[in-house]
Amino acid sequence: MIKQHVGLGEKSYDILIGSGILQETGARIAALCGRFKPEDGIAVVTDSLVWGLHGAAFSASMAAAGLGFSPVVLEPGEQNKSLDGLGRLYSDFAAMRLKRGGLVVAFGGGVVGDLGGFAAATWMRGVCYIQVPTTLLAQVDSGVGGKTAIDLKEGKNLAGAFYQPACVLADTNLLATLSGRDFRCGMAEVVKYGAICSKTFFESLRERPGAAELPGIVDMCCGIKSGIVERDELDKGERRLLNFGHTFGHALETLGGFRRFNHGEAVAIGMLLAAETGEKMGLTEPGSAAAIRAVLEIHGFETVCPYPPEEMLPQMEMDKKNEGDQVQLVLIKAPGEAFVHSTDAAELRSLC
Ligand code: GLY
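The following paragraphs examine the structure supplied in this document. Please read all numbers here as calculations on a predicted model, not as lab measurements.

**Some words on the overall build of the chain**
Scanning the chain for helices and strands turns up 13 helices and 11 strands. For a compact globule of 352 residues, the expected C-alpha radius of gyration is about 20 Å, and the chain comes in at 20 Å, within 12% of that figure. Taking the principal axes of its C-alpha atoms as reference, the chain extends roughly 60 × 40 × 35 Å. Burial statistics for the chain: of 352 residues in total, 56% are counted as buried. When contacts within the chain are restricted to residue pairs at least 6 apart in sequence, long-range pairs at least 24 apart make up 73% of them. Entry remark: accessible area of the chain is about 14300 Å², with carbon and sulfur atoms responsible for 53%. Computed over 33 positive and 42 negative side-chain charges, the inter-centroid distance for the chain is 4 Å.

**Observations concerning the pattern of salt bridges**
Evaluation of the coordinates by the stated rule reveals 22 salt bridges. We note a salt bridge from Asp-14 to Lys-3, for which the minimum N-O separation is 3.8 Å. One end of the pair, Asp-14, is in strand β2 (residues 13-18); the other, Lys-3, is in strand β1 (residues 2-6), and 11 residues separate them in sequence. A relative accessible area of 24% places Asp-14 in the partly exposed class. By relative accessible area, which is 55% here, Lys-3 ends up exposed.

**Re the site of the ligand**
Every residue near the ligand is listed here: Asp-141, Lys-147, Lys-225, Arg-239 and Leu-242. Separating a nitrogen atom of the ligand from a side-chain N or O atom of Asp-141 is a distance of 2.9 Å. Between the ligand and Lys-147, the relevant distance is 2.9 Å, taken from an oxygen atom to a side-chain nitrogen or oxygen of the residue. Protein chains bury 88% of the 190 Å² of accessible surface belonging to the ligand in isolation. Residue classes in the shell around the ligand are distributed as one nonpolar, no polar and four charged.

**Looking at the packing of helix α6 (residues 180-197) against helix α8 (residues 214-231)**
It is the contact of α6 with α8, at a shortest axis distance of 10 Å, that shows an interaxial angle of 55 degrees. Viewed along their axes, α6 and α8 adopt a mutual orientation that is oblique. Judged by the twist between their axes, the crossing of α6 over α8 is left-handed. Here Phe-183, Val-190, Tyr-193 and Cys-197 of α6 come into contact with α8, specifically with Leu-214, Ile-217, Cys-221, Ile-224, Lys-225 and Ile-228. Across the contact of α6 with α8, the residue classes break down as nine nonpolar, no polar and one charged.

**Re the packing of aromatic side chains**
Within the structure shown, the criterion is met by nine aromatic pairs. Between Trp-51 and Phe-107 the ring centres are 6.2 Å apart and the planes differ by 85 degrees, which places this aromatic pair in the edge-to-face class. Within this pair, whereas Trp-51 is found in helix α2 (residues 48-64), its partner Phe-107 is found in strand β5 (residues 103-108), the two being separated by 56 residues in sequence. For the pair shown, Trp-51 and Phe-107 are each scored as buried.

**Comments concerning the environment of Ser-288**
For Ser-288, the location among the structural elements is in helix α11 (residues 288-298). Counting along the chain gives 16 residues from Ser-288 to Leu-272, while the straight-line C-alpha distance between them is 8.9 Å. Once residues lying within four places of it in the same chain are set aside, the contact partners of Ser-288 are Glu-279, Ile-332, Lys-333, Ala-334 and Pro-335.

**Digging into the nonpolar core**
Val-190, Phe-244 and Ile-292 are the most contacted members of the largest nonpolar core, which has 65 residues in total. For this core, the leading source of residues is helix α10 (residues 263-281), giving 10 residues. Setting aside residues no more than four positions away along its own chain, Ile-292 makes contact with Ala-195, Phe-202, Phe-244, Met-271, Leu-272, Ala-275 and Ile-332.

**Quick word on the pairing of strand β6 (residues 128-133)**
Of all the six residues making up β6, six are buried; the element is thus mostly covered by neighbouring parts of the structure. Residues Cys-128, Ile-130 and Val-132 point to one face of β6 and Tyr-129, Gln-131 and Pro-133 to the other, with burial holding for every one of them. As judged from the six bridges shared by β5 and β6, these two strands associate in the parallel manner. Across the sheet, Gly-108 pairs through a bridge with Pro-133, a residue of β6.

**A word on the pairing of strand β10 (residues 326-334)**
Extensive coverage of β10 is indicated by the burial of seven of its nine residues. Examined bridge by bridge, β10 and strand β11 (residues 337-344) share eight bridges and lie antiparallel to one another. Within the sheet, the bridge partner assigned to Gln-328 lies in β11 and is Ser-342. The antiparallel pairing of β10 with β11 creates a hairpin that spans two residues between the two strands, and Gly-336 there sits at a positive phi of about 115 degrees.

Here is what the cut-offs are and how they apply
Residues numbered from 1 in each chain as written. Predicted model: local features only at pLDDT ≥ 70, side-chain atom pairs only at ≥ 80, totals over all residues. Heavy atoms only, no water. Helix = DSSP H or I, 4+ residues; strand = E, 2+ residues; numbered from the N terminus. Rg over C-alpha atoms; globule rule 2.2 N^0.38 Å. Buried < 20%, exposed > 50% of the residue type's maximum accessible area, 1.4 Å probe, protein only. Contact = heavy atoms within 4.5 Å. Areas by Shrake-Rupley, 256 points an atom, 1.4 Å probe, with all protein chains shown as cover. Lys, Arg positive; Asp, Glu negative; His and termini not counted. Charge placed at Lys NZ, Arg CZ, Asp CG, Glu CD. Salt bridge = Lys/Arg side-chain N within 4 Å of Asp/Glu carboxyl O. Near = heavy atom within 4 Å. Polar contact = N/O pair within 3.5 Å; in protein donor to acceptor, adjacent residues only side chain to side chain. Nonpolar A, V, L, I, M, F, W, Y, C, P; charged D, E, K, R; others polar. Axes fitted to C-alpha atoms, helices over the stretch in contact; angles between N-to-C directions. Parallel < 35°, antiparallel > 145°, perpendicular 65-115°, else oblique. Left-handed = near helix turned anticlockwise from the far one by under 90°. Phe/Tyr/Trp six-rings, centres within 6.5 Å; stacked < 30°, edge-to-face > 60°. Core = buried A, V, L, I, M, F, W, Y, C linked by side-chain atoms within 4.5 Å. Pairing = 2+ DSSP bridges.

This is how it looks when you write it as structure tokens:
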């Protein structure tokens with residue numbers, strides 16, 4: 001088992017990564033007693049897919065540790081990351097009498113983590129929670145760093161909070177049950193970490209990983225992310241680098257009605273577009289986009305943007321990370337080194 005520490009003073013926590021951690025979940029949660037009181041209630045937020053696959057193992061480990069809990073099982077899908085989904089959690093927390101000293105466990109992928117985390121951040125003004133991420137995307141990115149949110153009809157992740165978990169338990173065995181498409185979705189974020197922070201790691205992704213390599217990959221990504229979060233928890237500077245590919249990617253997701261591309265597929269094309277844009281601006285080393293395309297193709301990603309610039313640009317101008325009329329683009333100097341470039345719509349239009 002690998003342990004990463006996220007050093008945030010009183011909000012510090014460990015990320016445990018390895019195969020078979022699910023079987024230890026109860027013992028790991030019991031070890032956090034003191035930060036929460038089991039008698040004040042434990043709510044386990046999950047979805048029916050995860051619960052069907054892994055609920056029995058989870059329940060057995062909780063029973064072995066002598067911990068009772070109330071499962072809150074949602075239907076899978078982004079539609080639950082909503083005001084309605086949040087209301088459902090609050091009702092269930094009230095019905096089970098979850099008190100301020102209790103615990104919320106977010107057991108699932110990005111939707112469950114974001115929603116369960118936000119519910120924990122706001123229930124009785126904040127209860128202890130832990131992340132038990134079950135997808136590659138959640139293990140390398142969304143389950144770590146304390147970003148919690150729900151979507152509003154006006155846009156994704158518009159209501160949220162920075163709220164750090166007390167622990168993250170990432171069992172890489174669970175990744176074996178992901179569909180090829182869901183696994184690939186997480187690989188886009190993995191490629192992102194290489195592209196923004198480590199040329200060596202980026203180059204190691206020229207081969208598809210086997211199961212034995214997954215703990216090391218999750219460890220590498222969590223190590224990069226925890227360093228960034230320690231230096232910029234509240235996303236005011238360096239943490240923005242984690243949005244490489246996301247400004248273009250968000251435009252793709254929106255234009256595709258959030259059905260044509262999943263998040264990772266959109267981010268993959270977005271990273272390529274960002275690298276191509278940087279090359280056109282003379283800010284990115286020539287050949288960088290080709291290197292990114294090659295890695296993405298190895299992992300089976302589509303690399304052609306199906307939308308013309310005149311459809312992409314208005315979406316990018318609405319990105320919530322923009323400041324005034326400036327679009328905040330994360331670009332790379334070359335794979336392994338990223339920076340934020342502030343540009344305006346006129347410059348972007350002239351390049352597309
Ligand atoms: N997923 C990007 C971040 O946590 O900042």
